[in-house]
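Single-letter residue listing:
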Amino acid sequence: MSKLPPLTVKLLRDVWRLRAQALAIALVMAAGVGMVVASYGMMRSLEATRTAYYDRYALADAWVPLRRAPDSLGRELARLPGIAALETRVTAAATLDIPGVAEPASARLHSLPVSINRLVLRSGRMPQEGRGNEVVVSEMFARAARLSLGDTLPALVYGKRIDLKIVGTALSPEYVYAVAPGQIFPDNRRFGIVWMARKPLAGLLDMRGGFNEAVVRLTPGTSVEEAIRRIDNASSHYGPTGAYGRDLQTSDRFLTNEVDQLKTTVEILPPIFLGVAAFLLNILLARLVDTEREVIGLLKAFGYRSGAIMRHYASLALLLSAGGVLAGWVLGAWMGRGMTAMYQDYFVFPFLNFVAGADIYFGAAALALLAVLAGAASAVWRAQRLAPAEAMRPPAPARFSSRGVGDRFVRLFPDEPSRMILRGFVRRPLRSAASVLGLAMALALYVASASSTDNVDKMIALAFERGQRADLAVAFAEPRDGHVVRELESLPGVQKVETYRSVAAELSHGPYHEREALLGLPQGADLMRMVTLDDQVIQPPREGAIVSSQLARKLDLNVGDRIDVAVTEGERQRFSLPVVQVIDVPLGASVVVERGALARHLREGDVASGAYLLADPAQSGALYAALKRTPMVAAVNVAEAAVRGIRETVAQNMGIVTLFNTIFAMLIVAGVSYTGARISLSERARDLASMRVLGFRKVEAGFVLVGEQALLTLAALPLGLGLGMALSRYIAASFSSDMFMIPYAVSARTLAEGVVVVAFASAATTWLIRRSADRLDLIRALKTRE
């Protein structure tokens, strides 16, 4: 067996000698690499699965909702240029009476698809011809509502009661993310999708020989916008609310938003871990180069070139981090599979496997190794610059004069251990600052992650406690006149009723166009109010419109501009509104106008699309039962149930995310504290041994190490809290979308928990080093020449 080169032998010995510090660095690096692998792998898995699912089961490219149209219109639309396939269907909202669920549940009923938006049958069978009450329901709805095959599901459809019989469960590419109108989180127990044969559903809606929605597949290369324009022109006489593409389809919008949030996550968190790992390697190698000056001098004296010395220390840095890369690959694959299981609870695919290709694994490794080399660069450069004669001499001693401001401050402390702690802090400012920054980033990571729950709590408070203060929101099957108020007030337990008007419209400003709904609210409304992110209650103006900031950005709107409105239902009026105010709202309508002003623009009287109800909690059961029997009601949203569903979703998912980030934050603290303390112990070994020989006890000698780490931690706390709040604000803004805005909120409890987590991790790590200091070999330490 050939003999290994001397530098290789030294390299292997150095790796073994530094194994403890290497482990600390590897854990931090593994977290960064794991996040890159998991996030990018999850993005690829979601996008690949979405594409395969949509293609295999023929998701529509465009949807054409109509009021009522004859079948002949479907044949006419199918002949338009760019239309590859068109399928008409009958669809309606329904109110369900689910056994065991007190609140009225809502559903969207569709006639069974033929070739577009095909179903994935998960259990049972499809409805048979001649059995008009047989239905297939969405799998997640059946599971959450505890419905089984053969169960009867009482439903109210367009004012008619029917007992539906469940014969199968299915998935649909149209409802990967099935969420009730106006909601942002799925509530599968109270909202579901139901498919039934076309003839019985058309009979319930008095729509035999007609349809009220078409779904379209386009030929490759066809412009969606141009196809929609042709479809709207051809169907203008049948009450269209405006065709739309996948970009406005609710399920696909939420899925796209989730992929965007993953991109934001991978831009923020991995750099923190890789940056900390680079810093740890920097201080470790810098210390190693300082202690091996004589070795470097001897190597150069024996003919080793500077390039060989540089490659040696660079290789050492890479070997010390290799374990972190490998562990990161394993961690990333494990986290990715866990994320896949979590996503399947909300984004429902028939298949979703975590697949991160070799390019993602090697790309994450490349990022990590670039961070390693960047961290090691200065130490490696210092090693090659040392001349042999200079390297073989001990380094010049540090200046110990008392003329500096820091030294004068140190002299204020009476005991020598405290002075030693402060001298180490002020005489190595760059290392101390980097250590403080590393600990601060750990605290910032925890605060930013844990504050997600605070952000959602504030969103709930603004949207439901300050904004929608009604107990129930009721949507009507058809617009009703003002007499509906008396009908609702006669229901059991109803204490107050406020109606609203909502119309679909196409909004434009200059070259920009968006499809949104206009919400008409009365001035002085109490049950539904516009509340901004900074908790201001805004009243609708007598003239003009209040516009959300999300819509204002899309349409390039400012206060004083006029927004052109083309109503896409009823008589399809056109008018313009001045923008009176642009506000940030967590949830709710994008455009709000005063109820009376909207009625004048629509040239109609007192017409309502729905109502907000304040009810006596003691009579909620009787009220729910009455609403389930009320023909005019198409959907009911119970505020308490919606809030409970949001809290359950957030508690389940945010709890897992916060747990992971707590562990990651503790890894950063452990890495920074352990590496710094080990280096401090090696530098102070002679001083600590001298203190022990001079009569200082173990506790007093160990106090120097413990106190130094405690001082670094204390210095990091205010910086970490500030960075955490800033990072939380940035994440809240980045995760907001055109469908909702996440308010910024960080509670005192979250800040306190972050301080405890960082302090505990730092104390536990320092205790390990303190044990090493107590077992210090005094004779060996005193022989050290430094």
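Everything here concerns the structure above.
Residues numbered from 1 in each chain as written. Predicted model: local features only at pLDDT ≥ 70, side-chain atom pairs only at ≥ 80, totals over all residues. Heavy atoms only, no water.

Which residues make up a nonpolar patch on the surface, and what values go with them?
Judged by side-chain polarity, Leu318, Leu369 and Leu373 come together as a nonpolar surface patch covering roughly 200 Å² of accessible area. As for its placement among the helices and strands, Leu318 is situated in helix 9 (residues 306–343). (Patch = residues over 30% accessible without salt bridge, like charges linked within 9 Å, V, L, I, M, F, W, Y side chains within 5 Å. Areas by Shrake-Rupley, 256 points an atom, 1.4 Å probe, with all protein chains shown as cover. Salt bridge = Lys/Arg side-chain N within 4 Å of Asp/Glu carboxyl O. Helix = DSSP H or I, 4+ residues; strand = E, 2+ residues; numbered from the N terminus.)

Can you lay out the side chain of Gln550 for me, pointing to particular residues and giving the numbers?
Positionally, Gln550 belongs in helix 16 (residues 549–555). Contacts of Gln550, omitting those with residues within four sequence positions, involve Val585, Ser737, Asp738, Phe740 and Met741. (Contact = heavy atoms within 4.5 Å.)

Lay out the nonpolar core in plain terms, naming residues and giving numbers.
Judged by nonpolar contacts, the single largest core of 115 residues is most densely connected at Leu46, Phe347 and Ile668. Counting residues per element, this core draws most heavily on helix 7 (residues 250–291), which supplies 21 residues. Of all hydrophobic cores here, the second largest spans 28 residues; its members include Ile98, Phe141, Leu201 and Leu205. (Core = buried A, V, L, I, M, F, W, Y, C linked by side-chain atoms within 4.5 Å. Buried < 20%, exposed > 50% of the residue type's maximum accessible area, 1.4 Å probe, protein only.)

How would you summarise empty space enclosed by the protein if you had to cite specific residues and measurements?
Summed over all chains, the structure comprises 5 cavities of 30 Å³ or more. Of the volumes computed, that of the largest cavity is approximately 140 Å³. Contributing to the lining of the largest cavity are 18 residues, with Ser138, Met140, Tyr175, Ala178 and Val348 lying nearest its centre. Across the lining of the largest cavity, the residue classes tally to 13 nonpolar, 3 polar and 2 charged. (1 Å grid on protein atoms, 1.4 Å probe; cavity = no way out; pocket = protein on both sides within 12 Å on 5 of 7 lines; lining within 4 Å. Points joined across faces, edges and corners; volume = space filled by probe spheres on them. Nonpolar A, V, L, I, M, F, W, Y, C, P; charged D, E, K, R; others polar.)

A description of the pairing of strand 6 (residues 134–138) should follow, citing residues and the corresponding values.
Of all 5 residues in strand 6, 5 are buried; the element is thus mostly enclosed. Looking at chain direction, strand 6 and strand 8 (residues 160–171) are connected through 5 bridges and run parallel. Of the residues in strand 8, the one forming a bridge with Val137 is Thr169. Bridge count between strand 6 and strand 9 (residues 191–196): 3 bridges; the pairing is antiparallel. Bridge pairing in strand 9 places Val135 opposite Met196. (Pairing = 2+ DSSP bridges.)

Explain the packing of aromatic side chains to me, using residue names and the numbers behind them.
Overall, the coordinates contain 10 aromatic pairs when judged by the stated rule. Ring centres 4.6 Å apart and planes at 25° place the aromatic pair Tyr177 and Phe254 in the stacked group. Separated by 77 residues along the polypeptide, Tyr177 in the loop between strand 8 and strand 9 and Phe254 in helix 7 bring together distant segments of the chain. Under the relative-accessibility criterion, Tyr177 is labelled buried at 6%. On the basis of relative accessibility, which here comes to 7%, the residue Phe254 falls in the buried class. Ring geometry for Trp329 against Phe362: centres 5.6 Å apart, planes inclined by 80°, an arrangement best described as edge-to-face. Remark: Phe362 occurs in helix 10 (residues 358–385) and Trp329 occurs in helix 9; sequence separation between them is 33 residues. Residue class for Phe362 comes out exposed when judged on its relative accessible area of 55%. Aromatic ring contacts, followed pair by pair, group Tyr53, Tyr57, Phe349 and Phe351 into a single cluster. Positioned above the aromatic ring of Trp16 is the side chain of Arg19, whose terminal nitrogen or guanidinium carbon lies 4.1 Å from the ring centre. (Phe/Tyr/Trp six-rings, centres within 6.5 Å; stacked < 30°, edge-to-face > 60°. Lys NZ or Arg CZ within 6 Å of the ring centre and 35° of its normal.)

An account of the pairing of strand 18 (residues 562–567) is requested, with residue identities and associated values reported.
Alignment of strand 13 (residues 494–509) against strand 18, held across 4 bridges, turns out to be antiparallel. Residue pairing in the sheet places Ser508 in a bridge with Asp564 of strand 18. Taking the residues that link successive antiparallel strands as the turn, the strand 18-strand 19 (residues 574–583) hairpin has 6 residues, and the phi of Gly570 there is positive, at about 60°.

Would you mind going over the pattern of salt bridges in detail, with residue names and values included?
Throughout the structure, instances matching the rule amount to 30 salt bridges. Across the salt bridge formed by Arg198 and Asp71, the nearest N and O atoms sit 3.5 Å from each other. Residue Arg198 is found in helix 5 (residues 198–204), and its partner Asp71 is found in helix 3 (residues 71–78); the two are separated by 127 residues along the sequence. Residue classification places Asp71 among the partly exposed residues on the basis of a relative accessible area of 30%. Among the ionic pairs, Arg89 bridges to Glu213, the shortest N-O distance being 3.0 Å. Here Arg89 is found in strand 2 (residues 83–89), whereas its partner Glu213 is found in strand 10 (residues 210–218), with 124 residues between them in sequence. Each member of the pair, Arg89 together with Glu213, is buried. Beyond isolated ion pairs, a larger network of salt bridges with shared partners links Glu103, Asp187, Arg190, Glu640 and Arg644.

Residue-level account of the environment of Leu614, with values.
Relative to the helices and strands, Leu614 resides in strand 21 (residues 607–615). Judged by its relative accessible area of 25%, Leu614 falls in the partly exposed class. Along the primary structure Leu614 and Ala473 are separated by 141 residues, whereas in three dimensions their C-alpha atoms are 9.2 Å apart. Filtering out sequence-adjacent residues up to four positions away, Leu614 remains in contact with Arg469, Asp471, Gly493, Val494, Gln495, Lys496 and Leu527.

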